[in-house]
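# Working through the structure, step by step
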Amino acid sequence: MFAQTYLDMENDCDANPLSPRLDFDPGRREILHSRADETVPFADSEELVRNSGLPPEALVEVGFEHRLADEESLARMLRACQRRLK
């Protein structure tokens, strides 16, 4: 369900010029998710990858819980943001 919501949002941004444009470059997308996430099932991210056209390696298993507040997860998020700004 989450995956479909994301794809619907992507389509809405294409249709509505007032919506923020999502730069959908599959080579620059990563989904960071913990298998131990107590809030969102890891299977939702697997479904998102399958339905989005992202390569399987875009799903990065990291962290120990939902917030991804551990050092490794935060470093991975920082690298993703830095790549995005280049």
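Summary of the structure given here. (Residues numbered from 1 in each chain as written. Predicted model: local features only at pLDDT ≥ 70, side-chain atom pairs only at ≥ 80, totals over all residues. Heavy atoms only, no water.)

### Some words on the overall build of the protein
- For the protein, the count of helices and strands is 3 helices and 2 strands.
- Going from N to C terminus, the protein has its helices and strands arranged as α-β-α-β-α.
- Taken over 86 residues, the protein has a buried fraction of 30%.
- Excluding contacts between residues fewer than 6 apart, the proportion of contacts in the protein whose partners are at least 24 apart in sequence is 58%.
- Put simply, the protein shows about 6,000 Å² of open surface, and 57% of that area lies on carbon and sulfur atoms. (Helix = DSSP H or I, 4+ residues; strand = E, 2+ residues; numbered from the N terminus. Buried < 20%, exposed > 50% of the residue type's maximum accessible area, 1.4 Å probe, protein only. Contact = heavy atoms within 4.5 Å. Areas by Shrake-Rupley, 256 points an atom, 1.4 Å probe, with all protein chains shown as cover.)

### Digging into the nonpolar core
- In terms of nonpolar packing, the biggest core is built from 7 residues, these being Ile31, Phe42, Leu48, Val49, Leu54, Ala58 and Leu59.
- Ignoring sequence-local partners within four residues, the contact set of alanine 58 consists of Arg29, Glu30 and Ile31. (Core = buried A, V, L, I, M, F, W, Y, C linked by side-chain atoms within 4.5 Å.)

### Side note on helix H3 (residues 71-85)
- Between its terminal C-alpha atoms H3 stretches 21 Å, which fits the 21 Å expected from 15 residues at 1.5 Å a residue.
- Measuring from the backbone nitrogen of glutamate 72 back to the side-chain oxygen at the start of H3 gives 3.3 Å, which picks out aspartate 70 as the cap. (Expected span 1.5 Å × (residues − 1). Polar contact = N/O pair within 3.5 Å; in protein donor to acceptor, adjacent residues only side chain to side chain.)

### A closer look at the pattern of salt bridges
- Taken as a whole, this structure holds 5 salt bridges when the rule is applied.
- A salt bridge links glutamate 30 to arginine 76, with the nearest nitrogen and oxygen atoms 2.8 Å apart. Pair noted here: glutamate 30 is in the loop between helix H1 (2-15) and strand S1 (31-33) and arginine 76 is in helix H3, with a separation of 46 residues, a long-range link.
- A relative accessible area of 28% places glutamate 30 in the partly exposed class.
- The exposure class of arginine 76 is partly exposed, given its relative accessible area of 24%.
- Put simply, arginine 35 and glutamate 61 hold a salt bridge, and the shortest N to O gap is 3.0 Å. With arginine 35 in the loop between S1 and helix H2 (42-52) and glutamate 61 in strand S2 (residues 59-61), the pair connects residues that are 26 residues apart, well separated along the chain.
- When salt bridges with common partners are traced through the structure, they connect Glu30, Arg76 and Arg83 into a single cluster. (Salt bridge = Lys/Arg side-chain N within 4 Å of Asp/Glu carboxyl O.)

### What to know about H2
- For H2, the set of buried residues is Phe42, Ser45, Leu48, Val49 and Ser52. Relative to the axis of H2, the buried residues are bounded by an arc of 115° and lie together on one face.
- Following H2 by one or two positions, glycine 53 adopts a phi angle in the positive range, close to 85°. (Arc of directions from axis to C-beta.)

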